[in-house]
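Here is how the chains run, residue by residue.
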Amino acid sequence: MSISTSPRIDLAYLRQRKAEGRKFAMLTAYDYPTAAAAQAGGVHSLLIGDSMGCVLLGHQSTRNVPLDLMIVLGEAVRRGAPNVYLVGDLPYESMAGGNETVLAAAKRFRDESGCDAVKFEARAEHEPLVAKLAAAGIETITHLGLLPQAVTSPEGYRAQARDENSITKLTADARLLVAAGAAMLLLEAVPNEASQAVVSAVDVPVIGCGAGPACDGHVCVTQDMLGIGGIRTPRFVPVLARLGETTRAAMRRWVEDIENESYPAPEHVYGMRK
Ligand code: KIV
C-alpha cells in the first residue's frame, strides 16, 4: 500500500511510512541554505538540534545554546524547507526550569519558528511533562539512550544500553513515555538489539541516531555527514562528501590569488559607463 506524498510532511505521513515498512530520512539543519538543500534532496524531516552548540558555536557541550538563538535559526530553516517535518530541540536552559517553563518554551518554538514538533532528552521521570505537552497539543519526540545534555566532555559520548538489564529499562521507559503521549522516540547510540526491543514495544515511529537498522528513520548531524564536522566523527555517521577539504582548499586558493595578484582578474572588475 502507498499513500500520495502530501506537500507538507506531517506526523501521519511518517506513521504511514512506518506502517508500510518504508524508512524515513532526517538530518540536522541550523540555516536556510542547508535546509533548502535537504528539502531539494528529499529529506523528510529536519532537526534544529542543540548540537549547534558544538557544531556552530564551538562549545565542548550542547548546554550553552539559548532558546532565542534556536528560534531565530529555526525560522530560517523553516523558510528553506517549508515542506519537511520540522523538529525543534529544547535546549538545556529550557529543560532546567519546571514543567511550565518547558511548556512555554515548546509553545514559543512551535509558534515562532513554525516547527511541527519538539524533542527533548527524556527520562522516566519526564512522564508528567510528556503528558502535559500532549494535552497542550504539542507533538513531542522523546530522546533516549545517550543524552548529550548530560555530557560535558568529548570522552562522555559513549554508547548506551549494551546489556540485557539496560535494554529492559530502556524499553520500559520507552513504553511509559509513549503511553504518556510521546508522538515519536529518538534513540541515540544504542545497539540494534536495544532498538529492536523498543521498536517491538511501541507503536510510534522510532528514529535512530547511531541506533542500528531496526529503527524506522535515521538522523545524523549534517556537517558530520558532509565531512565538515569536528575532530571526532561518530562511527555511525556515513561521510558522504568531503566539504571540509574542499572548503580549506578554496580558502588557501583565495589567499594565494590575492597574494600573487591573480585576483581580481578583469572579469571581476566593474567598467566605467561609456
Ligand atoms: O542536537 C542534535 O543534533 C541531536 C541529534 C544528534 C539527535 O539531538
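Everything discussed here concerns the structure shown above.
Since the model is a prediction, treat every value here as computed from it, not as a measurement. (Residues numbered from 1 in each chain as written. Predicted model: local features only at pLDDT ≥ 70, side-chain atom pairs only at ≥ 80, totals over all residues. Heavy atoms only, no water.)

Visitor: Would you mind showing me how to read the packing of aromatic side chains here?
Guide: The geometry of two aromatic rings is summed up by the distance between their centres and the angle between their planes. Within the structure shown, the criterion is met by one aromatic pair. Taking 5.0 Å as the distance between ring centres and 55 degrees as the angle between the ring planes, the aromatic pair formed by Trp254 and Tyr263 counts as tilted. Assessed through its relative accessible area of 47%, Trp254 is described here as partly exposed. (Phe/Tyr/Trp six-rings, centres within 6.5 Å; stacked < 30°, edge-to-face > 60°. Buried < 20%, exposed > 50% of the residue type's maximum accessible area, 1.4 Å probe, protein only.)

Visitor: Explain the site of the ligand here, please?
Guide: If you check the shell around the ligand, you find Thr28, Leu47, Gly49, Asp50, Ser51, Asp89, Lys119, His143, Leu186 and Cys209 and nothing else. Separating an oxygen atom of the ligand from a side-chain N or O atom of Asp50 is a distance of 3.0 Å. Ser51 places a side-chain nitrogen or oxygen 2.5 Å from an oxygen atom of the ligand. For the ligand, the accessible surface in isolation is 260 Å², of which the surrounding protein chains cover 95%. In this structure the site holding the ligand corresponds to the largest pocket. For the shell around the ligand, the residue count by class is three nonpolar, four polar and three charged. (Near = heavy atom within 4 Å. Polar contact = N/O pair within 3.5 Å; in protein donor to acceptor, adjacent residues only side chain to side chain. Areas by Shrake-Rupley, 256 points an atom, 1.4 Å probe, with all protein chains shown as cover. 1 Å grid on protein atoms, 1.4 Å probe; cavity = no way out; pocket = protein on both sides within 12 Å on 5 of 7 lines; lining within 4 Å. Sits in = over half its atoms within 2 Å of the grid points. Nonpolar A, V, L, I, M, F, W, Y, C, P; charged D, E, K, R; others polar.)

Visitor: Is there a simple way to think about the nonpolar core in this case?
Guide: Side chains that are nonpolar tend, in soluble globular proteins, to be buried together. Membership of the largest hydrophobic core comes to 57 residues, with the highest contact counts inside it found for Leu46, Leu90, Phe109 and Leu185. The element contributing the most residues to this core is helix α8 (residues 164-180), with six residues. In this structure Leu46 touches Met26, Leu27, Thr28, Ala29, Ala35, Ala38, Val77, Ala81, Val84, Tyr85, Leu86 and Val87, once residues within four positions along its chain are discounted. In this structure, Tyr13, Leu14, Val87 and Met184 belong to the second largest nonpolar core, which totals 17 residues. (Core = buried A, V, L, I, M, F, W, Y, C linked by side-chain atoms within 4.5 Å. Helix = DSSP H or I, 4+ residues; strand = E, 2+ residues; numbered from the N terminus. Contact = heavy atoms within 4.5 Å.)

Visitor: I'm lost on the layout of surface pockets in this one. Help?
Guide: Sizing a probe to match a water molecule and rolling it over the atoms shows the empty space that remains. Of the volumes computed, that of the largest pocket is approximately 1,200 Å³. For the lining of the largest pocket, the secondary structure elements donating two or more residues are α3 (52-55), β4 (117-121), β6 (184-188) and β8 (217-220). For the lining of the largest pocket, a count of residues per class yields 20 nonpolar, twelve polar and ten charged. In this structure, the second largest pocket spans a volume of roughly 180 Å³. Lining of the second largest pocket is provided by Ala122, Arg123, Leu144, Gly145, Leu147, Gln160, Ala161, Ser166, Lys169, Leu170 and Asp173. For the lining of the second largest pocket, the secondary structure elements donating two or more residues are β5 (139-145) and α8. (Points joined across faces, edges and corners; volume = space filled by probe spheres on them.)

Visitor: What is the right way to read the packing of helix α4 (residues 67-80) against helix α6 (residues 99-113) from this model?
Guide: Helix-helix packing is characterised by the crossing angle of the two axes and by the distance between the axes. The geometry of α4 relative to α6 is characterised by a closest axis approach of 8 Å and an angle of 30 degrees between their N-to-C directions. In this view, α4 runs roughly parallel relative to α6, as classed from their interaxial angle. You can see that α4 and α6 cross each other, and the crossing is right-handed. Where α4 abuts α6, its residues Leu67, Asp68, Met70, Ile71, Gly74, Glu75 and Arg78 lie against Ala105, Arg108, Phe109, Glu112 and Ser113. Looking at the contact of α4 with α6, its residues break down into five nonpolar, two polar and five charged. (Axes fitted to C-alpha atoms, helices over the stretch in contact; angles between N-to-C directions. Parallel < 35°, antiparallel > 145°, perpendicular 65-115°, else oblique. Left-handed = near helix turned anticlockwise from the far one by under 90°.)

Visitor: Just checking my understanding: could you explain α6 for this structure?
Guide: Helical geometry note: an α-helix holds 3.6 residues per turn, so side chains three or four residues apart project in the same direction. Look at α6: 21 Å from first C-alpha to last across 15 residues, which is about the 21 Å you get at 1.5 Å a residue. One or two steps after α6, the chain reaches Gly114, where phi turns positive at roughly 80 degrees. (Expected span 1.5 Å × (residues − 1).)

Visitor: Any chance you could explain the sheet that holds β6 here in plain terms?
Guide: Sheets are built from strands paired through backbone hydrogen bonds, the pairs being either parallel or antiparallel. The strand order β1-β2-β3-β4-β5-β6-β7-β8 describes a closed barrel built from eight strands, whose pairing is parallel. Across this sheet, the average inter-strand angle for adjacent strands is 25 degrees, counted without regard to direction. Sheet topology note: the strand β2 (residues 45-48)/strand β3 (residues 85-89) ladder contains four bridges and is parallel. Looking at the pairing, Leu47 lines up with Val87 of β3. (Pairing = 2+ DSSP bridges.)

Visitor: What is the right way to look at the environment of Ala183 in this model?
Guide: Its location among the elements puts Ala183 in the loop between α8 and β6. Placed 22 residues apart in sequence, Ala183 and Pro205 show a C-alpha to C-alpha distance of 7.8 Å. Excluding anything up to four places from it in sequence, Ala183 contacts Leu11, Arg15, Glu139, Thr140, Val204 and Pro205.

Visitor: Explanation requested: the side chain of Ser61 in the structure shown.
Guide: Residue position: Ser61 is located in the loop between α3 and α4. Residue class for Ser61 comes out buried when judged on its relative accessible area of 8%. At 3.0 Å, the side chain of Ser61 and the backbone nitrogen of Arg63 are in polar contact. The contact partners of Ser61, leaving out residues within four places of it in the chain, are Gly53, Cys54, Val151 and Thr152.

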